[in-house]
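Residue-level structural notes
Read off the chains here:
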Amino acid sequence: MIAGVIVDVPSRQTDRPFSYEVPPAMEEWIEPGSRVGVPFGGRTVQGFVVSLSAEAPADSAGKLKPIAELLDPLPPLLPDLVELAQWMSGKYCCTWTAALQAMIPAAIKGKAERYIRLAEDGAGIADLLRAEPSGNVGSAAGREESHSFAAGIVSAGRGEDDGKGMSPAAVAQQQLPLEQLPPALVQELQRSGGMRLELVAQRYPEAGAAIKRALASGWLAEETSIRDRLAVRKQLTVYPPEDRAAAEAALSAMSKQAARQRELLEYVLELSEPVTLQAMLSETGASASSAKALEAKGLIAIREAEQQRDPYAGREFRRSEPLPLTDAQREVFVRLKAAVEAPEPATFLLHGVTGSGKTEIYMQSIQRALELGMEAIVLVPEISLTPQMVERFKGRFGDEVAVLHSRLSNGERYDEWRRIRRGGAKVAIGARSAVFAPFGNLGLIIIDEEHESSYKQEETPKYHAREVAVRRARQQGAVVVLGSATPSLESYAAAVRGGAGGNGALLELNERVGARPLPPVKIVDMRDELKSGNRSMFSRDLHEGLQARLERGEQSVLLLNRRGYSTFVICRSCGYTAVCPHCDISLTYHQKTRAMRCHYCGHAELAPRTCPSCSSEQIRYFGAGTQKVEEELAKLFPGIRVIRMDVDTTTEKNAHEKWLTLFGERKADVLLGTQMVAKGLDFPYVTLVGVIAADTSLNLPDFRAGERTFQLLTQVAGRAGRHHLPGEVVIQTYNPGHYAVTTAQHHDYGGFVEDEMKHRRMMGYPPFCRLILVTMSHEQLATLSSVSDRFASKLRALAAERGVLAPLQSGGERAFDLLGPVASPISRMKDKYRFQCMIKYRGPVDASMLVKEAITRTEAEAARSGVLFSVDVDPQMIL
């Protein structure tokens, strides 16, 4: 049997399956998706089996190498995921192995480790060492005597002294005095079978030269093996006696002197299931020796057992039942239920205003999928959404829910993933990468807040979870539901077109559950506030609103729209601005540490007390960060209880859940934060939402700036008045006439879409075309300029050859337009200059393939240039 293996070598030159022979002993185990160790380029590397065949391909030269090891008894990847990875490789211009690696947990991203062991001939010498008289081990006399004895055995074996026909070990004995190799090392190698080279170097640093000579002469052997980064957790576990009657008889016969053993046995006899040894000893106060004594008598069994690292162990979730649906909800649910029951794949966009009950529809649709024996994936955009979502889904579906997100430890995430792979969970909830949950019978994939840019991965492979979900649903005949109060324009346009063509549909919920009104939104022009003498960051309306909530015991949410609006350091005398020495970007000031930090490369330095340029002391910090807002609240409202949620306060594990739980228990008056407080939160006593500076994101050099501002304002406004108390929203802005602000004021998604679509059509941006951003970087500007020009020329030539090169304004069915190369908006990052090309295309054009081919041709001609290429298909950020 021949296996096609994708090796874990992230290079375009090796981005194809390599053929390996499957050893007969592995034939029953290996299948597409198996993870294996294979010899490659003189070393052993991890690989993934992507195909199996009876015969070797015609282009394979010579005898095939065999697979060295099988790394998992159960393949970590299902066949559909292997196929999905191949599709991602073509779609997102990444290597096949990069796509495969994105699908498995970090714990099993195997790494190659080098081991040394005794060669076959070395084993006999180890026996001689072990036979040394006690007291002589380690002594010079003992080592010399042992060496002579060993040399005599070898010499007698070969019959003559000239070295011809000598074994490698015998040659080693002539060339390598045994006393140079620590006997303890030899004995340890024989006992363990092998040791990691790194560990040998740590324990025996003085023996490096001797070990090298032993390896060179064949007495020691070196090999490479693939090891996982994290192992399955195992603990000693106590099992109740199989023969209960015999154990009870032994208990009756025990003497009074064995009181601890009696106590332990009584405890074990009451068990209905196994318990860890540690838990038993902790609960009974007995010692391990008492447990061992019972084991020796055959009354209990103690053995290692796998322990699940459950992130929600000990937590109880209040059981919930399906809620009655409104007429509008029922109409949507009936459509989704019919689609889940049908064998064909389908995609729906559920456009529902905030508080319209989308989550209940999700859960009842999942329930139907589970009843049909199917599985479901629920994606959420932010880690901060997960605690409340998990509580709702665990309350409805119990242990059938597995959680996959980055705030879990690697071990917890690994065990949750393994639970899915083994069929122990039927619903997976998590952020972007949960779209790869290893389910074999998917019925439903739900993407909540589908408009969020965090569904797009910014590192290779730069996939969009929405596109991957739709592709995966097609593979398994599943249904995709994209839910949002403010859908992305691309999804909205596709749903409208799909509804007409029968491929998908637009489903709408235009009212909140219980006919609760959407909160009134007041727009405050901060220019007028300044004219009236109010220099505070809080307008009079927002100040009065906060004061009223404090008096009534209600809660408020304050959003600081900081996207592209961070605190920076400037000299008021000469205009000097603190800039990162490695990137073309200003440094961000952090008050807590008095340090300035670059959020792109990590560079940090202390904030200057005087200007480095003119020595002036007029150093000032501009921009309102969350810490500054928190200080102002404390000054204006003494005794106010504020929970601040930003990057600084949510780095610890479970920090999001801790802060949101405290706020839900009404132990704070104000929840202050960045975008993480804007979406998905549902608290009954929140009646005021304030947006400190609404229009800062409007000034970003990004064609989606207006859309993102509208989405953020609408989402955060939806946090107010979701239950029995009416809500109110105050939006502070310096640009009150912008259509993104005015349409958000009236919760008018349709009006925003109409205005925004005009701009997109005029400027030639999605959804009227698709984009690919190619970024090139290098330390030398001249080299970068030359290679980027060459790339652009080759891409234009390829597009012309295929007959697709045409501007978007041409009006034809197909168009392919290339803009650039030009300097990127952030023109230098991590000491590398950056150029970019923007490709706009429309119609049946395989733009990804053209870009990939142009890069390959450019690299072939400029192999030693060192220019790095980064391809972003459907980019969410143009920086």
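Procedures and definitions
Residue indices follow the written sequence of each chain, beginning from 1 at its first position. The predicted nature of this model means local features are confined to residues of pLDDT at least 70 and side-chain atom pairs, given and counted, to a pLDDT of 80 or more, with totals for whole chains, interfaces and linings taken over all residues. As a convention, hydrogens and water are excluded, and side-chain values are obtained from all of the structure's heavy atoms. Numbering of helices and strands starts at the N terminus; helices are DSSP runs of H or I of at least 4 residues and strands are runs of E of at least 2. In what follows, residue pairs with any heavy atoms lying within 4.5 Å of each other are defined as contacts. Salt bridges are counted wherever a side-chain nitrogen of Lys or Arg sits within 4 Å of a carboxyl oxygen of Asp or Glu. Residue burial is assigned from relative accessible area. The probe radius is 1.4 Å, only protein chains are included, and a residue is buried under 20% of its type maximum, exposed over 50%, and partly exposed in between. Here the rule is simple: two strands pair whenever DSSP picks up at least two bridges between them. To get an axis, a line is fitted to the C-alpha atoms, and for a helix only the part in contact is used. The angle between two axes follows their N-to-C directions and goes from 0 to 180 degrees. Ring geometry is summarised as follows: Phe, Tyr and Trp rings, the Trp one being its six-membered ring, pair when their centres sit within 6.5 Å, and such pairs are stacked at plane angles under 30 degrees, edge-to-face over 60 and tilted between the two. Only Lys NZ and Arg CZ are tested; either one counts as a charge over a ring when it is within 6 Å of the ring centre and within 35 degrees of the ring normal. Note on terminology: a nonpolar core comprises buried Ala, Val, Leu, Ile, Met, Phe, Trp, Tyr and Cys residues joined through side-chain atoms within 4.5 Å. The cut-offs work like this: below 35 degrees is roughly parallel, past 145 is roughly antiparallel, 65 to 115 is roughly perpendicular, and the gaps in between are oblique. Each crossing is labelled by how the near helix is turned from the far one, with a counterclockwise turn of less than a right angle marking it left-handed and a clockwise turn marking it right-handed. Residues are grouped as follows: Ala, Val, Leu, Ile, Met, Phe, Trp, Tyr, Cys and Pro are nonpolar; Asp, Glu, Lys and Arg are charged; every other residue, Gly included, is polar. Scored from 0 to 100, pLDDT records how confident the predictor is in each individual residue. Any pair of N or O atoms that falls within 3.5 Å is considered a polar contact. Within protein, one atom must be able to donate a hydrogen and the other to accept it, and sequence-neighbouring residues count only if both atoms are side-chain atoms. The arc in question is the one spanned by the directions pointing from the helix axis to the C-beta atoms.

1. Comments concerning the overall build of the chain
Along its length, the chain carries 27 helices and 33 strands. The long-range fraction of contacts in the chain, counting pairs at least 24 apart against all pairs at least 6 apart in sequence, stands at 75%.

2. Quick word on the pattern of salt bridges
A complete count under the given rule lists 39 salt bridges for this structure. Close ionic contact of Lys456 with Asp872 constitutes a salt bridge, the shortest N to O distance being 2.4 Å. Separated by 416 residues along the polypeptide, Lys456 in the loop between strand S16 (442-448) and helix H17 (465-476) and Asp872 in strand S33 (residues 868-873) bring together distant segments of the chain. The exposure classification of Lys456 matches that of Asp872, with both residues buried. Salt-bridge contacts for Arg857 lead to Glu853; the nearest nitrogen and oxygen are separated by 2.8 Å. Of the two residues, Arg857 and Glu853 are both situated in helix H27 (residues 847-861); the distance of four residues between them amounts to about one turn of the helix. Taking the relative accessible area as the measure of exposure, Arg857 reaches 37% and is therefore partly exposed. Under the relative-accessibility criterion, Glu853 is labelled partly exposed at 21%.

3. A short note on the sheet that holds strand S28 (residues 686-691)
Taking strand neighbours across the sheet as the criterion, the six strands line up as S19-S29-S28-S20-S27-S26 in an open arrangement whose pairing is parallel. This sheet does not close on itself; its edge strands, each paired only once, are strand S19 (521-525) and strand S26 (642-645). Adjacent strand axes in the sheet meet at a mean angle of 15°, parallel and antiparallel pairs treated alike. Judged from the four bridges that link them, S28 and strand S29 (residues 728-733) form a sheet pairing that is parallel. Following the sheet pairing, Val691 is matched in S29 by Ile731. Across the face of the sheet, helix H22 (residues 655-664) comes into contact with strand S20 (555-559), S26, strand S27 (670-673) and S28 while running at roughly 150° to S26. Against the sheet, helix H23 (residues 705-717) touches S20, S28 and S29, its axis set at about 155° to S28.

4. Section: the pairing of strand S32 (residues 832-842)
Counting buried residues along S32, eight of its 11 residues qualify, which places the element largely inside the surrounding structure. Where strand S30 (residues 770-778) lies against S32, nine bridges are found, and the strand directions are antiparallel. Across the sheet, Met776 pairs through a bridge with Phe835, a residue of S32. Relative to S32, strand S31 (residues 815-829) runs antiparallel, the two being bridged by nine bridges. Pairing of Ala815 across the sheet is with Arg842, part of S32.

5. With respect to the packing of aromatic side chains
Tallying each qualifying case throughout the model produces 12 aromatic pairs. Each ring, one from Phe710 and one from Tyr749, has its centre 6.2 Å from the other, and the planes form 45°; the classification is tilted. On the criterion of sequence distance, the pair formed by Phe710 in helix H23 and Tyr749 in helix H25 (residues 749-763) is long-range, its members being 39 residues apart. Of the aromatic side chains, those joined through ring pairs into one cluster are Tyr492, Phe710, Tyr739, Tyr749 and Phe752. Cation over ring: Arg666 sits above Tyr685, and NZ or CZ is 3.7 Å from the ring centre.

6. Notes on the nonpolar core
Membership of the largest hydrophobic core comes to 117 residues, with the highest contact counts inside it found for Phe436, Phe791, Phe816 and Val851. Per element, the largest residue contribution to this core is seven residues, and it comes from helix H26 (residues 781-801). Apart from residues no more than four positions distant in its own chain, Phe816 is found in contact with Leu795, Ala799, Val804, Leu805, Ala806, Ile839, Lys840, Tyr841, Val845, Ala847 and Leu850. One finds Leu370, Ala376, Phe393 and Ile429 within the second-largest nonpolar core, a separate group that totals 30 residues.

7. A short note on the packing of H26 against H27
Between H26 and H27, whose axes approach to 9 Å, the crossing angle comes to 135°. When the axis of H26 is compared with that of H27, the two are oblique. Crossing handedness for the pair H26 and H27: right-handed. Where H26 approaches H27, its residues Val787, Arg790, Phe791, Lys794, Leu795, Leu798, Ala799 and Glu801 are matched on the opposing element by Leu850, Val851, Glu853, Ala854, Ile855, Arg857, Thr858 and Glu861. Here the residues of the contact of H26 with H27 sort into nine nonpolar, one polar and six charged.

8. Description of the confidence of the model for the chain
Counting all residues, the mean pLDDT for the chain is 84, and 89% of those residues have values of 70 or more. Low pLDDT, under 50, characterises residues 123-179; the stretch is placed with 61 contacts to residues that sit more than four places away or in other chains.

9. Things to note about the sheet that holds strand S11 (residues 301-306)
Across the sheet, three strands lie side by side as S10-S9-S11; this open sheet has antiparallel pairing. Each having just a single partner strand, strand S10 (275-276) and S11 make up the two edges of the open sheet. Note: strand S9 (residues 234-239) against S11, six bridges, orientation antiparallel. What sits directly across from Lys234, in S11, is Glu306.

10. Some thoughts on the side chain of Thr486
With respect to the helices, strands and loops of the structure, Thr486 is situated in the loop between strand S17 (479-484) and helix H18 (489-501). Filtering out sequence-adjacent residues up to four positions away, Thr486 remains in contact with His451, Phe710, Gln711, Thr714, Gln715 and Tyr749.

11. Examining the side chain of His351
Within the secondary structure, His351 sits in strand S12 (residues 346-352). From its side chain, His351 meets the backbone oxygen of Ala485 in a polar contact 3.2 Å long. Looking at His351, its side chain comes within polar contact range of the side chain of Glu508, at 3.5 Å. Beyond its immediate sequence surroundings of up to four residues, His351 is in contact with Ser484, Ala485, Pro487, Leu506, Leu507, Glu508, Leu509 and Tyr749.

12. Considerations on the packing of helix H9 (residues 244-253) against helix H10 (residues 259-269)
Packing of H9 against H10 brings their axes to within 10 Å, and their N-to-C directions diverge by 155°. Looking at the two axes, H9 sits roughly antiparallel to H10. Crossing hand, H9 versus H10: left-handed. Facing H9, whose interface residues are Arg244, Ala247, Glu248, Leu251 and Ser252, H10 presents Arg262, Leu265, Glu266 and Leu269. A breakdown of the residues in the contact of H9 with H10 according to their chemical character gives four nonpolar, one polar and four charged.

13. Looking at helix H8 (residues 208-216)
Each α-helix turn comprises 3.6 residues. Residues three or four places apart therefore point the same way. Three or more residues of H8 are buried, namely Ala210, Ile211 and Ala214. Down the axis, H8 shows its buried residues gathered within 100° of arc, on one side only. Structural note: H8 exposes Lys212 and Ala216 on the side pointing more than 90 degrees away from its buried face. Among the residues trailing H8, Gly218 stands out with phi positive, at a value near 90°.

14. So, the pairing of S16
With seven of seven residues buried, S16 is to be regarded as a mostly interior element. Direction of pairing for strand S13 (residues 375-379) relative to S16: parallel, over a ladder of five bridges. Following the sheet pairing, Glu375 is matched in S16 by Leu442. Pairing of S16 with S17, which is carried by five bridges, proceeds in the parallel orientation. What sits directly across from Asp448, in S17, is Gly483.

15. Digging into the environment of Gly373
By the element assignment, Gly373 lies in the loop between helix H14 (358-371) and S13. For Gly373, a relative accessible area of 44% puts it in the partly exposed group. Taking the C-alpha atoms as reference points, Gly373 and Asn441, 68 residues apart in sequence, are found 7.9 Å from one another.

16. What to know about unusual backbone geometry
That bond from Thr460 to Pro461 is cis: its omega, 0°, falls within 30 degrees of zero. At the junction of Pro766 and Pro767, the peptide bond is cis and its omega measures out at 10° in the coordinates. Positionally, Pro767 belongs in the loop between H25 and S30. Residue Ser615 is not a glycine yet carries a positive backbone phi of 65°.

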